[in-house]
Amino acid sequence: MKKYLYLPLAALMGFLLVACNSDEDYQRAGEPAASDEGIYFPTSNPSEYIRTESDAKTIDVTIARHNTEGELTVPVKVVSRTQNIGKVPDHVTFADGAATATLTVPFTDLSVTPKCTLEIPEDYTNPYLIKEGSAKFSFCIYKLVIVSDQINYITSAGTPYFDKVYTSELLQYEGENKFIWRNFFGSGIDLKFKINGHFDPQDVYACYGEVTPLDHAQGDSDGWTLLDDDGNELSWTPEGCDTAVDALYSWFTYTGYVYFNIDLRKNEQGTQAFGYARNESAYINEDYNTCWVYFYY
């Protein structure tokens, strides 16, 4: 269900009748020093970048402008940064006719999450221009680590919807309570989630609790529905299954009972360690299903 928020539009519909002193002159607010430039960081810049140790130690930030005439050099201010953010260029130059320019920001390592906030000086911005962006931009660079590259699904009741899905894996933003479940339940969606329960930033294999989606989900008072990239309720046919999943709706924790939990603590089974998850879905093809998920390390 799509929800729309309607806000009242305040507008002046007449003249303000007040007594005026003829000796007082009206003073117009000052214009931006470079009013036609309108420099900003567009919202297309991600606030999160993902890198591995083998990747190039730079990220590219796009800066945009309203007026594309002529070559223009714009200063860039570093508001804050962690020690592992390298020397940030203090300016970018727009070529004649170019609407965007690229600022390349270096970092030295991923031992801690690199973080940085940049800002365009006020003289080069224009608050009166309608744009999708801001004069200030903050970002983090996360190291993505593999928690498990072998995930097995077992549906304990009804149709074995996910038993043939072998292409899912579990990853973590290193040190952060933020995970990616790739090809979630064979849906083709990479679900980002956090663990609501016990999270240990030093040891991911000590974490357990409720799976709480951070994207691709729409919640109500009882639980959440899996969505596609466009925000629509997702239906799909998992690999090796003849029956489509009409929707996946998962209950929230209720009176202390966790319907979709994950436990990454290692248990020994032969020579292989594993953790598990359990999703007691409220709706899959009008069936109530408990799906056990095992993560092998």
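Right, let's walk through the structure included here. Note that the structure is predicted; figures quoted are calculated from it, not measured.

Glancing now at the pattern of salt bridges. Enumeration according to the criterion identifies seven salt bridges in this entry. A salt bridge links Arg265 to Asp263; the shortest N-O distance between them is 2.7 Å. Exposure remark for Arg265: the relative accessible area of 36% places this residue in the partly exposed category. Taking the relative accessible area as the measure of exposure, Asp263 reaches 8% and is therefore buried. A salt bridge links Glu280 to Arg278; the nearest nitrogen and oxygen atoms lie 3.0 Å apart. In terms of burial, Glu280 and Arg278 fall into one category: buried. Each of Glu48, Lys178 and Lys192 takes part in a single network of salt bridges with overlapping partners.

Before going further, it helps to examine empty space enclosed by the protein. Under the defined criterion, the tally for this structure stands at one cavity of 30 Å³ or more. Considered as a void within the structure, the largest cavity measures approximately 30 Å³ in volume. Where the lining of the largest cavity is concerned, the elements lending two or more residues are β20 (272-284) and β21 (287-296). Among the elements that take part in the lining of the largest cavity, β20 stands out by supplying three residues, more than any other.

Moving on, we come to the nonpolar core. Taken as a class, soluble globular proteins show a tendency for nonpolar side chains to be buried jointly. In terms of nonpolar packing, the biggest core is built from 33 residues, with Phe162, Trp181 and Phe185 touching the most fellow members. Elements supplying a minimum of two residues to this core: β11 (150-155), β13 (179-182), β14 (191-198), β17 (223-226), β19 (260-269), β20 and β21. Not counting the four nearest positions on each side in its chain, Phe162 is found in contact with Tyr153, Thr155, Phe185, Trp236, Pro238, Val245, Ile284 and Cys291.

Evaluation of the coordinates by the stated rule reveals zero disulfides. Among the cysteines around Cys116, which has no disulfide bond, Cys140 carries the closest sulfur, lying 9.8 Å off.

What follows is about the environment of Ala273. In this structure, Ala273 sits in strand β20. In this structure the C-alpha to C-alpha distance between Ala273 and Tyr297, which are 24 residues apart in sequence, comes to 5.8 Å.

A few words now on the side chain of Glu280. Turning to its location among the elements, Glu280 is positioned in strand β20. What makes Glu280 buried here is its relative accessible area of 8%.

Our focus in this paragraph is the side chain of Ser250. For Ser250, the position within the fold is in strand β18 (residues 249-251). According to the relative accessible area criterion, Ser250 is buried, its value standing at 0%. A distance of 3.0 Å separates a polar atom in the side chain of Ser250 from a polar atom in the side chain of Asn279. If sequence neighbours within four positions are ignored, Ser250 has contacts with Gly223, Trp224, Phe260 and Asn279.

What follows deals with the packing of aromatic side chains. To describe a pair of aromatic rings, one takes the distance between the centres and the angle between the planes. Counted according to the given criterion, the structure contains 23 aromatic pairs. Taken together, a centroid distance of 6.5 Å and an interplanar angle of 25 degrees make the contact between Phe162 and Trp236 stacked. You can see Phe162 sitting in the loop between β11 and β12 (169-173) and its partner Trp236 sitting in the loop between β17 and β18, a full 74 residues away along the chain. We note that Phe162, like Trp236, is buried. Note on Phe184 and Phe185: the rings are 4.6 Å apart at their centroids and 50 degrees apart in plane angle, and the pair reads as tilted. Side by side, Phe184 and Phe185 carry an identical accessibility label, which is buried. Among the aromatic residues, those joined into a cluster by ring pairs are Tyr153, Tyr161, Phe162, Phe179, Trp181, Phe184, Phe185, Phe193, Phe199, Trp224, Trp236 and Phe260.

Of note, His216 is a non-glycine position whose phi angle comes to about 50 degrees, a positive value. Turning to its location among the elements, His216 is positioned in the loop between β15 (208-213) and β16 (217-219). Notably, Thr255 is not glycine yet its phi reads approximately 45 degrees, a positive angle. As for its placement among the helices and strands, Thr255 is situated in the loop between β18 and β19. Classification of Thr255 as exposed rests on a relative accessible area of 70%.

Scoring rules and cut-offs
Residues numbered from 1 in each chain as written. Predicted model: local features only at pLDDT ≥ 70, side-chain atom pairs only at ≥ 80, totals over all residues. Heavy atoms only, no water. Salt bridge = Lys/Arg side-chain N within 4 Å of Asp/Glu carboxyl O. Buried < 20%, exposed > 50% of the residue type's maximum accessible area, 1.4 Å probe, protein only. 1 Å grid on protein atoms, 1.4 Å probe; cavity = no way out; pocket = protein on both sides within 12 Å on 5 of 7 lines; lining within 4 Å. Points joined across faces, edges and corners; volume = space filled by probe spheres on them. Helix = DSSP H or I, 4+ residues; strand = E, 2+ residues; numbered from the N terminus. Core = buried A, V, L, I, M, F, W, Y, C linked by side-chain atoms within 4.5 Å. Contact = heavy atoms within 4.5 Å. Disulfide = S-S within 2.5 Å. Polar contact = N/O pair within 3.5 Å; in protein donor to acceptor, adjacent residues only side chain to side chain. Phe/Tyr/Trp six-rings, centres within 6.5 Å; stacked < 30°, edge-to-face > 60°.

Any functional reading would require information that these geometric values do not contain.
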